[in-house]
Amino acid sequence: MSDYRIETKCIQSGWKPKTGEPRMLPIYQSTTFQYDDTEQMGRLFDLEEEGYFYTRLQNPTNDAVAAKIADLEGGVAAMLTSSGQAANYYAVFNICEAGDHVICASAIYGGTFNLLGVTLKKQGIECTFIDVDEDEETLAKAFRPNTKAVLAESISNPALVVLDIEKMARLAHAHGVPLIVDNTFATPVNCRPFEWGADIVVHSTTKYMDGHAIQVGGAIVDSGNFDWEAHADKFPGLTTPDESYHGITYTKRFGKAAYITKATAQLMRDLGSVPSPMNSFMLNAGLETLPLRVERHCYNAQKIAEYLNAHEKVAKVNFAGLPGDKYYEVAKKYMPNGTCGVISFELCGGRDSAVRFMDSLKLASIATHVADAKTCVLHPASHTHRQMNDQQLKEAGISPGLIRLSVGIEHVDDIIADLEQALEQA
Ligand code: PLP
């Protein structure tokens with residue numbers, strides 16, 4: 001990790017050209033890398049030597065961007081994936097197998113809810129969803145002897161619950177398991193979960209990191225801090241020989257990078273959700289301006305949250321930057337410079353009014369997205385979270401009339417003017 005500030009890391013970390021090499025990150029759009037020597041290739045396969053041989057396992061463009069993201073989060077190493085979904089899947093599956101159990105925040109992105117509640121269940125991994133705002137004593141009851149991880153979002157999508165990271169890390173560690181934090185909404189510009197005890201960070205880089213809605217991607221970052229050997233019986237995949245890698249024991253061979261090396265060498269090799277180098281190149285360009293964009297997103301969102309909060313047709317605004325918000329204090333602790341550009345709110349007129357409002361917007365578009373430069377809106381109950389029943393929606397903090405507004409980086413007065421005219425129709 002370098003000592004530079006995050007603005008400098010976003011520009012300078014990752015690709016380090018030597019003299020005469022391209023200043024900008026090259027796109028190594030090649031599936032394979034050639035060798036003259038049979039033995040050397042063999043050593044690469046045995047993880048005895050570092051080097052590139054096939055892009056599904058490693059690629060220089062992807063690696064440079066992964067190194068930048070690891071630096072931004074303050075981790076030892078990172079791996080890019082072809083989507084945020086893949087990142088969440090690999091992050092959990094890297095330390096869980098059939099018969100295991102995980103704990104996950106109920107206020108979570110709908111795709112993650114499905115992944116853990118439905119798909120991983122079919123693979124024999126059970127999940128208990130918890131309300132992260134409960135006290136530690138209550139939450140401790142969710143742990144079982146076969147629990148292997150706790151997963152939560154630093155700011156949840158779309159309920160905007162801000163996680164008490166220290167509390168969750170304490171709970172997870174008291175039960176000998178790592179805390180995995182999805183830091184997509186906050187980004188490392190506003191929150192660095194490792195500084196508060198999280199062990200693994202995941203991202204949908206599709207969102208603010210890219211920032212222009214031009215690539216789908218994900219990342220897993222390893223803090224290197226979790227002591228897998230201290231709980232060796234819980235994590236045999238890391239602490240006992242891997243038969244698929246000629247008996248390598250990841251903790252013994254790779255120390256602090258055991259978890260991320262296993263994810264790359266074993267899961268990515270076998271499951272293959274690798275990003276295209278072209279996408280990683282675009283992600284890198286997005287990362288260079290991340291701090292500037294995040295600042296503008298947060299500035300605009302603050303003004304708009306205040307505007308909506310004072311509007312007679314608006315029943316409730318969820319935004320941790322508002323002094324009355326349930327998460328105002330916790331956000332001040334973990335994200336003192338701002339949270340994100342996403343706001344959710346309810347109109348007094350409920351579901352019908354929400355639909356009229358959304359259909360009347362001119363500048364803001366209806367899009368299944370958040371966190372890019374353009375302002376957009378979505379109705380979670382009929383879009384991202386439509387697979388949930390009413391009870392599940394309630395637990396995820398989503399009412400039928402809730403609107404999610406992803407505030408872009410246009411001029412704030414133009415966005416407010418658009419909201420104003422749409423509210424008149426609501
Ligand atoms: N995590 C969070 C917090 C998200 O908001 C999303 C998508 O919206 C994901 C993960 C999944 O990411 P992707 O769409 O890149 O697969």
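Residues numbered from 1 in each chain as written. Predicted model: local features only at pLDDT ≥ 70, side-chain atom pairs only at ≥ 80, totals over all residues. Heavy atoms only, no water.

A. Seen up close, the domain arrangement of the protein chain. Here the protein chain is partitioned into domain 1 (6-285) and domain 2 (291-425). With centres defined by C-alpha atoms, the gap from domain 1 to domain 2 works out at 29 Å. Counting from both sides, the interface comprises 39 residues of domain 1 and, opposite them, 38 residues of domain 2. Taken together, domain 1 and domain 2 are joined by two salt bridges. A salt bridge links lysine 333 to glutamate 166, with the nearest nitrogen and oxygen atoms 2.6 Å apart. Counting across the interface, domain 1 meets domain 2 through 14 residue pairs in polar contact (both at pLDDT 80 or more). Secondary structure elements with two or more residues in the side of domain 1 that touches domain 2: helix H1 (6-12), helix H5 (110-122), helix H7 (165-174) and helix H8 (187-190). Taken together, the residues of the side of domain 1 that touches domain 2 break down into 22 nonpolar, 10 polar and seven charged. (Domains from an automatic or database assignment. Contact = heavy atoms within 4.5 Å. Salt bridge = Lys/Arg side-chain N within 4 Å of Asp/Glu carboxyl O. Polar contact = N/O pair within 3.5 Å; in protein donor to acceptor, adjacent residues only side chain to side chain. Helix = DSSP H or I, 4+ residues; strand = E, 2+ residues; numbered from the N terminus. Nonpolar A, V, L, I, M, F, W, Y, C, P; charged D, E, K, R; others polar.)

B. Spatial organisation of the site of the ligand. The full set close to the ligand counts 15 residues, and Asn157, Asp182, Ser204, Thr206 and Lys207 are the nearest of them. Lysine 207 places a polar side-chain atom, nitrogen or oxygen, 2.8 Å from an oxygen atom of the ligand. Isolated, the ligand exposes 390 Å² of accessible area, and the fraction of that covered by the protein chains is 91%. For the shell around the ligand, the element with the highest residue contribution is helix H4 (residues 84-93), accounting for three residues. (Near = heavy atom within 4 Å. Areas by Shrake-Rupley, 256 points an atom, 1.4 Å probe, with all protein chains shown as cover.)

C. The arrangement of the nonpolar core in detail. Ile69, Met168, Leu179 and Ile220 are the most contacted members of the largest nonpolar core, which has 109 residues in total. Viewed by domain, this core spans two of them, domain 1 (6-285) and domain 2 (291-425), each represented by three or more residues. Ala305, Phe319, Ile403 and Val412 belong to the second largest nonpolar core, which has 28 residues in total. (Core = buried A, V, L, I, M, F, W, Y, C linked by side-chain atoms within 4.5 Å. Buried < 20%, exposed > 50% of the residue type's maximum accessible area, 1.4 Å probe, protein only.)

D. Inspection of the packing of aromatic side chains at higher detail. Evaluated as defined, the whole model comprises 12 aromatic pairs. With a centroid separation of 4.7 Å and an interplanar angle of 35°, the aromatic rings of phenylalanine 113 and phenylalanine 129 are classed as tilted. Of this pair, phenylalanine 113 sits in helix H5 while phenylalanine 129 is found in strand E3 (residues 126-130), placing the two residues 16 residues apart along the sequence. Classification of phenylalanine 129 by relative accessible area gives partly exposed; the value is 25%. Ring geometry for tryptophan 228 against phenylalanine 235: centres 5.0 Å apart, planes inclined by 85°, an arrangement best described as edge-to-face. Both residues of the pair, tryptophan 228 and phenylalanine 235, belong to the buried class. Following the ring pairs from residue to residue traces out a cluster consisting of Phe226, Trp228, Phe235 and Tyr259. (Phe/Tyr/Trp six-rings, centres within 6.5 Å; stacked < 30°, edge-to-face > 60°.)

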